[in-house]
2 protein chains.
Amino acid sequence: MNKLELENFLPYHLSITSEMVSRALSKVYADFGVTIPEWRVMVHLNHHGSLTPSQLGVATSMDKARVSRALILMDKKALISRQVDQWDKRVAHICLTDTGKDLFTQIEPEVMAWNACLARDMPDQQHDDLLQALKTVETWCKAQGDSTSEADYDD
Amino acid sequence: MNKLELENFLPYHLSITSEMVSRALSKVYADFGVTIPEWRVMVHLNHHGSLTPSQLGVATSMDKARVSRALILMDKKALISRQVDQWDKRVAHICLTDTGKDLFTQIEPEVMAWNACLARDMPDQQHDDLLQALKTVETWCKAQGDSTSEADYDD
DNA sequence: TGAAATTAGTTTCGATCAAAACTAATATAA
DNA sequence: TTATATTAGTTTTGATCGAAACTAATTTCA
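Below or above, wherever it landed, is the structure these notes cover. (Residues numbered from 1 in each chain as written. Chains lettered and ligands numbered in written order. Predicted model: local features only at pLDDT ≥ 70, side-chain atom pairs only at ≥ 80, totals over all residues. Heavy atoms only, no water.)

## A few points about the sheet that holds strand β3 (residues 92–96) of chain A
All names here are of chain A. With respect to topology, 3 strands assemble into an open sheet ordered β1-β3-β2, the strand pairing being antiparallel. Looking at strand neighbours, the two that pair on one side only are β1 (50–51) and β2 (80–84), the edges of this open sheet. Inspection of the sheet shows β1 paired to β3 by 2 bridges, in the antiparallel sense. Looking across to β3, one finds that Leu-51 is bridged to Ile-94. In the packing of helix α4 (residues 64–76) onto the sheet, the strands contacted are β2 and β3, and the crossing angle to β2 comes to about 115 degrees. (Pairing = 2+ DSSP bridges. Helix = DSSP H or I, 4+ residues; strand = E, 2+ residues; numbered from the N terminus. Contact = heavy atoms within 4.5 Å. Axes fitted to C-alpha atoms, helices over the stretch in contact; angles between N-to-C directions.)

In structure tokens:
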């Protein structure tokens, strides 16, 4: 590629593919009244049992404001409980309530089915390779961000 | 993957990779005071010479409201000109002005360099395979959307 | 001690976006 | 014709988001 065309430009395709997938998948759990941030939080709480908002932020790659908003929503719906830490009153320990666990076990199989369907319809290996390639790009982006010599692409 | 974990969940990685890449790349042309929608419009106008807002929407995968907002911004900055169609006064023909072309030729090499740098740092072939896999997913999503039997992932 | 700096989490603010409502122009068809 | 439907593009509306400001609790260190 010598001249720029959106058609073969990775950032462009990443953006629109991500939007399409998000939109398609969110239909699955929007039926349960759950947003993407809520869903991400649920996955991790279900897996780890109890986490602090900070830990949830790291695990879900969401900033603390977004986590906070998700937790407020989930609180209203009684999907989570908050337990103030005994030693440090700034930190809270978040758990799924029984209601929350219930909801999760309802949604999870639908999401898994959606994902399995996508994977099945892709050429062999392409799905796993895609995942791997995305992680490569993520690592590269982080390395770029850390780099001391900002914005110097043509060494 | 049998139990859901965000770590190996494609939609999750698509979303965060897309965000990271967008953020990193937008630094490149934010220096020129250009947003993502404006940038996409510029690429296509530079390539095709003249397009209507509708055509720009299709080409850039943006809805008409987003295109409209981008054009209003670019108008204020005198990057584009609008020519009302002689036969159908609803449609406009959008062109880059000389100022717009100038700006584009300033930004393009920087963007290309950024992209080349990313591609170079990825294992051989992985960049192209990634692009191809993304297109596969896009096609799949569209097919899902068109499908008559909505939301039937198992069978 | 106790003042200053740090940290966890919430709230505010401004920007952006998609969906829907809307305007103006054109096509259809009665 | 002229009424109705459709189309191109803009504007409004409500939701979401990240950055930054903010509050309260804790740690640092003088």
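## Examining helix α5 (residues 98–121) of chain B
Residues and elements named next belong to chain B. Helix length check: α5, at 24 residues, gives a terminal C-alpha distance of 35 Å against a target of 34 Å (1.5 Å per residue), a fit within 8%. Taking the largest bend as the criterion, α5 deviates by roughly 25 degrees, centred on Ile-107, and proline Pro-109 comes between one and four positions later. Regarding α5, the residues found buried are Gly-100, Leu-103, Phe-104, Ile-107, Glu-108, Val-111, Met-112, Ala-113, Trp-114, Asn-115, Cys-117 and Leu-118. (Expected span 1.5 Å × (residues − 1). Bend = angle between axes of the 7 residues up to and from the residue. Buried < 20%, exposed > 50% of the residue type's maximum accessible area, 1.4 Å probe, protein only.)

## Quick notes on the interface of chain A and chain B
Every contact between the two is made by 63 residues of chain A and, on the other side, 63 residues of chain B. Summing the contributions of chain A and of chain B, the shared interface buries around 6,300 Å²; its carbon and sulfur component is 69%. Put simply, chain A and chain B have 2 salt bridges between them. Glu-7 of chain A is the partner of Lys-135 of chain B in a salt bridge, and the nearest nitrogen-oxygen pair spans 3.5 Å. Along the contact surface separating chain A from chain B lie 20 residue pairs in polar contact (both at pLDDT 80 or more). Here the side of chain A that touches chain B is composed, by residue class, of 32 nonpolar, 16 polar and 15 charged. (Buried area = accessible area lost by both parts, 1.4 Å probe. Salt bridge = Lys/Arg side-chain N within 4 Å of Asp/Glu carboxyl O. Polar contact = N/O pair within 3.5 Å; in protein donor to acceptor, adjacent residues only side chain to side chain. Nonpolar A, V, L, I, M, F, W, Y, C, P; charged D, E, K, R; others polar.)

Any functional reading would require information that these geometric values do not contain.
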